[in-house]
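# Per-entry structural report
Residues per chain are reported as follows:
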Amino acid sequence: MSGPFSHLSHLECSRTGERHDADVVQGTSRVGAPLLARYDLDAVAAAVTPADVATRPPDLWRYHELLPVRDPARVVTLGEGMTPLLPLPRAGARLGVPRLLMKDEGLVPTGAFKARGAAVGVSRAAELGVTGIAMPTNGNAGAAWSAYAARAGLRSLVAMPVDAPEITRRECVVTGAELYLVDGLIGDAGRLVNAAVTARGGLGAGWQETSTLKEPYRIEGKKTMGLEIAEQLGWRMPGVILYPTGGGVGIIAIHKALLELRELGWVSGDLPRLVAVQAEGCAPIVDAFHAGLDESTAPAQPRTVAFGITVPKALGDFLVLDAVRSTGGTAIAVSDADLLEAEAALARDEGTWICPEGAACVAAVGQLRESGWLRGDEEVVVLNTGTGLIYPETVVAEVPTLSVDGVIPS
Ligand SMILES: *Cc1c(COP(=O)(O)O)cnc(C)c1O
């Protein structure tokens, strides 16, 4: 390996392609769209090979040339990344997709894949001089950004709906965040955070708003899921990837990762068909996909147990729809009853307790196989975005209690 730690070159507006400077703190583009990080991929190809990457430690920083942090000393890490890509033989046989694999993000710090975006986003923010991050969250992102802010020595201000998973409150509090609960949805939390940041002096006072897709680097952290899937398959792409889609950062990021790898020449051929999975109680992207639209409309009463994907209107909806359509993928909504059943069935089949968002993908595999959209011989990867331990209330544990002189039935 030779050359710089990062080959970041600039930021690009996802709507207009306009260039923005990557070496100052940026939010959205001039027209209010997400900014995408661009790299000098020719230089990356000349500087590093897959064989070099193979010798590096098993965390997401092994792809540092394709990440935005310029100074290795600014990397803020808790050891995130290189999660298992697990075969699911029993579940696969039951669902009629024997080559079913699961990328298991339950094993990252804070218990959800949000750690990836937080590790890279916080590292880069601190490198650019930010001293406090502020964000609305449905729970898991706030927990992750608070944790990494603590690790980096930054302040954190977080607002989440009162209905967000209770454990994520405690995660924010224990890592020292200034936390507010909001009697509303994530969008309401976002407005309150925005007003607070403005009132506190904004960037001039060191505060950056790090809402989903309102800063450019969270997506870069999440991109490493796609890089890892390709590396773990021996620099090859699977046939299909299913992703539980809320703000859509993960699916946009996996799409971006695979396009970058193909441009580098590290993988070749067709991209996997990307599938955006949502819950029936909040499925704006699924609705837009089937209506042939490029943008989504917020549902009136969004509600699902899969709290991480309760996002009524995603800033990057058009990018999700593009990722799905340009790869020949699809979008599908599953009911809460079906995703909870899939969560329980997978734990029995494979011994892994996944989060309801990940379980939505498992349920979707069954439905897409039944409809014939998935063939039985395809290699299918589902993303499990977090551990079931964050959602204890999704499993009922009604079991007998014995007195000390009681008897366990024989
Ligand atoms: C945030 C979250 C999602 C959705 O992530 P996006 O990439 O924003 O679509 C899915 N699952 C869990 C567990 C989450 O916390």
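Note that the structure is a prediction, hence the values are computed from the model and not measured.

### Overview of the layout of surface pockets
A water-sized probe rolled over the atoms picks out the places where empty space is left. Its volume calculated, the largest pocket comes out at about 720 Å³. In terms of lining residues, the largest pocket is bounded by 41 residues, among which I186, T212, G247, V311 and K313 are the most central. Looking at the lining of the largest pocket, the elements with two or more residues in it are helix 5 (140–152), helix 7 (186–199), helix 8 (218–232), strand 10 (240–244) and helix 9 (249–264). Ranked by the residues each element gives to the lining of the largest pocket, the list is headed by helix 7, at five residues. Considering only residue class, the lining of the largest pocket consists of 17 nonpolar, 16 polar and eight charged.

### Considerations on the sheet that holds strand 7 (residues 155–161)
Reading across the sheet, the four strands line up as 8-7-6-9 and stay open at both edges, with parallel pairing between neighbours. Of all the strands in the sheet, just strand 8 (178–182) and strand 9 (207–209) have a single pairing partner and so form its edges. Each strand axis lies, on average, 15° off the axis of its neighbour in the sheet, ignoring direction. The sheet contact formed by strand 7 and strand 8 spans five bridges and is parallel. Paired with A159 across the two strands is Y180, which belongs to strand 8.

### Points about the site of the ligand
Around the ligand lies a shell of 18 residues, among which K114, Y243, G248, G250 and T385 are the nearest. Backbone polar atom of G246 to an oxygen atom of the ligand: 2.8 Å apart, as the coordinates give it. At a separation of 2.7 Å, an oxygen atom of the ligand approaches a polar backbone atom of G250. Coverage of the ligand by the protein chains reaches 96% of its 380 Å² of free accessible surface. Among the residues making up the shell around the ligand, the classes are represented as seven nonpolar, eight polar and three charged.

### A word on empty space enclosed by the protein
For the structure on display, the rule yields one cavity of 30 Å³ or more. The space that makes up the largest cavity amounts to roughly 40 Å³. Taken together, V25, Q26, R124, A125, L128, V130, Q208, E215, P216 and Y217 make up the full set of residues lining the largest cavity. Across the lining of the largest cavity, the residue classes tally to six nonpolar, two polar and two charged.

### So, the UniProt feature "domain: Tryptophan synthase beta chain-like PALP" (unreviewed entry) in the protein chain
Within the UniProt annotation, "domain: Tryptophan synthase beta chain-like PALP" (unreviewed entry) is assigned to residues 76–386. In residues 76–386, helix accounts for 43% and strand for 16%; the two terminal C-alpha atoms are 21 Å from one another.

### Digging into helix 6 (residues 166–174)
For helix 6, the complete set of buried residues consists of T168, E171 and C172. Down the axis, helix 6 shows its buried residues gathered within 95° of arc, on one side only. Every exposed residue of helix 6 that faces more than 90 degrees away from the buried side is listed here: R170, V173 and V174. Structurally, helix 6 contributes buried residues whose contacts are with helix 5, strand 7 and strand 8. Two residues or fewer after helix 6 comes G176, characterised by a positive phi angle close to 90°.

### Points about the packing of helix 12 (residues 336–350) against helix 13 (residues 356–370)
Describing two packed helices takes the angle between their axes plus the distance from one axis to the other. Relative orientation of the contacting elements helix 12 and helix 13 amounts to 95°, with a least axis distance of 8 Å. What the angle tells us is that helix 12 and helix 13 run roughly perpendicular. Only P356, A359, A360, V362, A363 and Q367 of helix 13 make contact with helix 12, whose side of the interface consists of D338, L339, A342, E343 and L346. A breakdown of the residues in the contact of helix 12 with helix 13 according to their chemical character gives eight nonpolar, one polar and two charged.

### A closer look at the sheet that holds strand 1 (residues 8–13)
On the basis of which strands lie adjacent, the open sheet formed by three strands has the order 2-1-3 and antiparallel pairing. Whereas interior strands pair on both sides, the edge strands pair on one side only; in this sheet they are strand 2 (19–20) and strand 3 (35–39). Across two bridges, the pairing between strand 1 and strand 2 is antiparallel. The residue bridging E12 from the neighbouring strand is R19, located in strand 2.

Conventions and cut-offs
- Residues numbered from 1 in each chain as written.
- Predicted model: local features only at pLDDT ≥ 70, side-chain atom pairs only at ≥ 80, totals over all residues.
- Heavy atoms only, no water.
- 1 Å grid on protein atoms, 1.4 Å probe; cavity = no way out; pocket = protein on both sides within 12 Å on 5 of 7 lines; lining within 4 Å.
- Points joined across faces, edges and corners; volume = space filled by probe spheres on them.
- Helix = DSSP H or I, 4+ residues; strand = E, 2+ residues; numbered from the N terminus.
- Nonpolar A, V, L, I, M, F, W, Y, C, P; charged D, E, K, R; others polar.
- Pairing = 2+ DSSP bridges.
- Axes fitted to C-alpha atoms, helices over the stretch in contact; angles between N-to-C directions.
- Near = heavy atom within 4 Å.
- Polar contact = N/O pair within 3.5 Å; in protein donor to acceptor, adjacent residues only side chain to side chain.
- Areas by Shrake-Rupley, 256 points an atom, 1.4 Å probe, with all protein chains shown as cover.
- UniProt positions renumbered as here; feature names shortened; annotations may be inferred.
- Buried < 20%, exposed > 50% of the residue type's maximum accessible area, 1.4 Å probe, protein only.
- Arc of directions from axis to C-beta.
- Contact = heavy atoms within 4.5 Å.
- Parallel < 35°, antiparallel > 145°, perpendicular 65-115°, else oblique.

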